[in-house]
Amino acid sequence: MPELPFSRRAALRGLGAAGLLAALTGCGVPAAYVPEDRRQGQDLSEQERSLAFSNWPLYIDTDDEDEEKRPTLDAFTEKTGIAVRYTEEINDNDEFFGKVSPALMNHQATGHDLVVVSDWMAARFVHLGWAQKMDRSAQANVAKNLDPQLRSPAFDQGRLHTVPWQSGITGIAYNRKALGREIKSVQDLWHPDLAGKVTLFSGLDESFALLMQGNGTDTTRWTEADFHRMCDQVESMVKKKHIRRFTGNDYTSDLGKGDVLACQAYSGDAIQLKADNPDIEFVVPEEGAELWAESLLIPNLARHKTNAEALVDYYYDPAVAAELAAAVNYVCPVPAAREVLAASPDKKTAELAQNPLIFPDDDMRKRLVVARDISSAERRTFAPRWNAIVGL
């Protein structure tokens, strides 16, 4: 089970990468944009049976007796002969963007063949032309098994340049026993009995969709007016001291200790929170919740593109996806993996197939929405206002 104090959906700090992105933009056109026909370099996959894969810490299966071993990667190497240099070097979306952007701006290789970033960051790579189009003719598993709800986000229509690694839901976690009532709506967060006992995410990209949904906004096509209405509401609650604080993933500690009774939360964390405290509940609000993903992409000029595409497709084999889902407990982007887990002779593993926070049921899916991303032009205005409210 992933350690809760670590956040893969890291909070946006200041303008961070957004400021750099804005600096690259002139007249609405990214100065560093790379056309599709200039993104691919010499592919050494046939001569060099290897690839460099960078991911977040604690985001893959490990051997029970040796945490340095990663069974699914080892099986891929045995099956294909392709060695994987796996590094857990992505600790923050902005930080990683800052690390690789100088090379990508100057049309140079980054040394990475495959990386995992949050979709709001993947959107920046796609908009700048820094992610290569994958060869779907060589990815039959992706074409067949990718979750339909994740197939075509606004930033990457048809998922041509990105593929979800894992997915998740931003909803509300709360202590049902301590609160003494159910939470069914985002609006329930503003009830007087929760004054000083609520936390929200500090990152704009992590927070905005759920809060807008609470106001009845269609987050697939939200507007500037919707954004400022949401900010006005949050700002009012800050002035009333209704919101205890804004957090990264440390909200789990606040909720566990009882310092807060309700908070914005990620579905992947909720599984462990409830295992530690049965009184903790996670809810997808009546108004809906955000379905997000962290996605694989191949940066420009990657030297082992074909090998990277093979690894992506390998993880969309339902049996492999099931093994990964059982290890990390996020929403699995391969619905067919559910049947694999259900057939497991291990009772606890089989029970995962019935967990709607790993495999959302039809009722839950009706309330899940993939929000449109924030454009670079919008971010120049929106980020300063949001950061001022949350104190970044």
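Everything numeric in this text was worked out from a predicted model, so none of it was measured.

With that settled, the discussion passes to the overall build of the protein. Of regular secondary structure, the protein possesses 16 helices and 12 strands. Here the C-alpha radius of gyration of the protein, 21 Å, is about what a compact globule of 392 residues would show, namely 21 Å. In terms of overall dimensions, the protein has a C-alpha envelope of 65 × 60 × 35 Å along the principal axes. Per-residue burial for the protein yields a buried fraction of 56% across its 392 residues. Side-chain charges in the protein split into 43 positive and 58 negative, and the spacing between the mean points of these groups amounts to 5 Å.

Our focus in this paragraph is helix α12 (residues 318-328). What sets the pattern is the α-helix's 3.6 residues per turn: residues three or four places apart point alike. Among all positions of α12, only P318, V320, A321, A322, L324, A325 and V328 are buried. Contacts made by the buried residues of α12 are with α2 (71-80), α5 (140-145), β6 (162-175), α11 (305-314) and α13 (337-342). Where α12 begins, the capping side chain belongs to D317, and its oxygen is found 2.8 Å from the backbone nitrogen of A319.

Before going further, it helps to examine α2. All of the buried residues along α2 are T72, L73 and F76. Down the axis of α2, the smallest arc covering the buried residues is 100°, so these residues share one side. Where α2 is buried, its residues meet β3 (50-54), β4 (83-87), α11 and α12. Once α2 finishes, G81 follows within two positions and takes phi at roughly 80°, a positive value.

Right, let's talk about unusual backbone geometry for a bit. Note on backbone geometry: most residues besides glycine have negative phi, and most peptide bonds are trans. Positive phi, normally seen in glycine, also occurs at L301, with a value near 65°. By the secondary structure assignment, L301 is in the loop between β11 (289-297) and α11. Even without being a glycine, N329 presents a positive backbone phi close to 65°. With respect to the helices and strands, the residue N329 is situated in the loop between α12 and α13. We classify N329 as buried; its relative accessible area is 4%.

Quick look at the packing of helix α3 (residues 93-105) against helix α4 (residues 119-128) now. Running from N to C, α3 and α4 point in directions that differ by 15°, and their axes come no closer than 11 Å. Considered as vectors, α3 and α4 are oriented roughly parallel to each other. For the pair α3 and α4, the sense of crossing is right-handed. In this structure, α3 contributes N93, D94, F97, V100 and L104 to the contact, and α4 contributes W120, M121, R124, F125 and L128. Tallied by class, residues from the contact of α3 with α4 come to 7 nonpolar, 1 polar and 2 charged.

This part is about the packing of aromatic side chains. Following the criterion strictly, the structure yields 18 aromatic pairs and no others. Each ring, one from F125 and one from W130, has its centre 6.3 Å from the other, and the planes form 80°; the classification is edge-to-face. Among the residues examined, F125 registers a relative accessible area of 1% and is labelled buried. When the ring of W165 is compared with that of Y315, the centres are 4.8 Å apart and the planes differ by 65°; the resulting orientation is edge-to-face. Taken together, the positions of W165 in strand β6 and Y315 in the loop between α11 and α12 put the pair 150 residues apart, joining distant regions of the chain.

With that settled, consider the pattern of salt bridges. All told, the structure shown has 19 salt bridges when counted by the stated rule. R372 is the salt-bridge partner of E378, the closest N and O atoms lying 2.8 Å from each other. Within this structure, D232, E235 and R385 form a network of salt bridges that share partners.

This part takes up the pairing of β4. Every second residue of β4 is oriented toward a common face, the buried set being V84 and Y86 and the non-buried set A83, R85 and T87. In terms of strand pairing, β3 meets β4 through 5 bridges, oriented parallel. Pairing of S54 across the sheet is with T87, part of β4. In the classification by handedness, the crossover that spans β3, the intervening α2 and the parallel β4 is right-handed.

This part takes up the environment of D119. Tracing the backbone shows D119 in helix α4. Spatially, the C-alpha atoms of D119 and V163 are 9.6 Å apart, while their sequence positions differ by 44 residues. Ignoring anything within four residues of it in the chain, the contact list for D119 reads F155, R159, A293, E294 and S295.

For the rest of this paragraph, the subject is the confidence of the model for the protein. With 92% of its residues at a pLDDT of at least 70, the protein reaches an overall mean of 92. In this model residues 25-29 is a low-confidence stretch, pLDDT under 50, and it forms 5 contacts with partners more than four residues away in sequence or in other chains.

Next up on the list: the packing of α2 against α11. Packing of α2 against α11 leaves a shortest axis separation of 11 Å and a crossing angle of 125°. By the criterion of interaxial angle, the relationship of α2 to α11 is oblique. The chirality of how α2 crosses α11 is right-handed. Here T72, L73, A75 and F76 of α2 lie close against α11, whose contacting residues are N307, A310, L311 and Y314.

Tracing the sequence through the fold places V186 in the loop between α6 (176-179) and β7 (198-201). Note on V186: relative accessible area 1%, which makes it buried. If we ignore the near neighbours within four places in the chain, the residues touching V186 are I172, L210, G214, P285 and E287.

Counting through the fold element by element, E224 comes out in helix α8 (residues 224-239). Taking the C-alpha atoms as reference, E224 lies 16 Å from L210; in sequence the two are 14 residues apart.

Reading guide: rules and limits
Residues numbered from 1 in each chain as written. Predicted model: local features only at pLDDT ≥ 70, side-chain atom pairs only at ≥ 80, totals over all residues. Heavy atoms only, no water. Helix = DSSP H or I, 4+ residues; strand = E, 2+ residues; numbered from the N terminus. Rg over C-alpha atoms; globule rule 2.2 N^0.38 Å. Buried < 20%, exposed > 50% of the residue type's maximum accessible area, 1.4 Å probe, protein only. Lys, Arg positive; Asp, Glu negative; His and termini not counted. Charge placed at Lys NZ, Arg CZ, Asp CG, Glu CD. Contact = heavy atoms within 4.5 Å. Polar contact = N/O pair within 3.5 Å; in protein donor to acceptor, adjacent residues only side chain to side chain. Arc of directions from axis to C-beta. Axes fitted to C-alpha atoms, helices over the stretch in contact; angles between N-to-C directions. Parallel < 35°, antiparallel > 145°, perpendicular 65-115°, else oblique. Left-handed = near helix turned anticlockwise from the far one by under 90°. Nonpolar A, V, L, I, M, F, W, Y, C, P; charged D, E, K, R; others polar. Phe/Tyr/Trp six-rings, centres within 6.5 Å; stacked < 30°, edge-to-face > 60°. Salt bridge = Lys/Arg side-chain N within 4 Å of Asp/Glu carboxyl O. Pairing = 2+ DSSP bridges. Right-handed = clockwise from strand over helix to strand, strands pointing away. pLDDT = per-residue confidence, 0-100.

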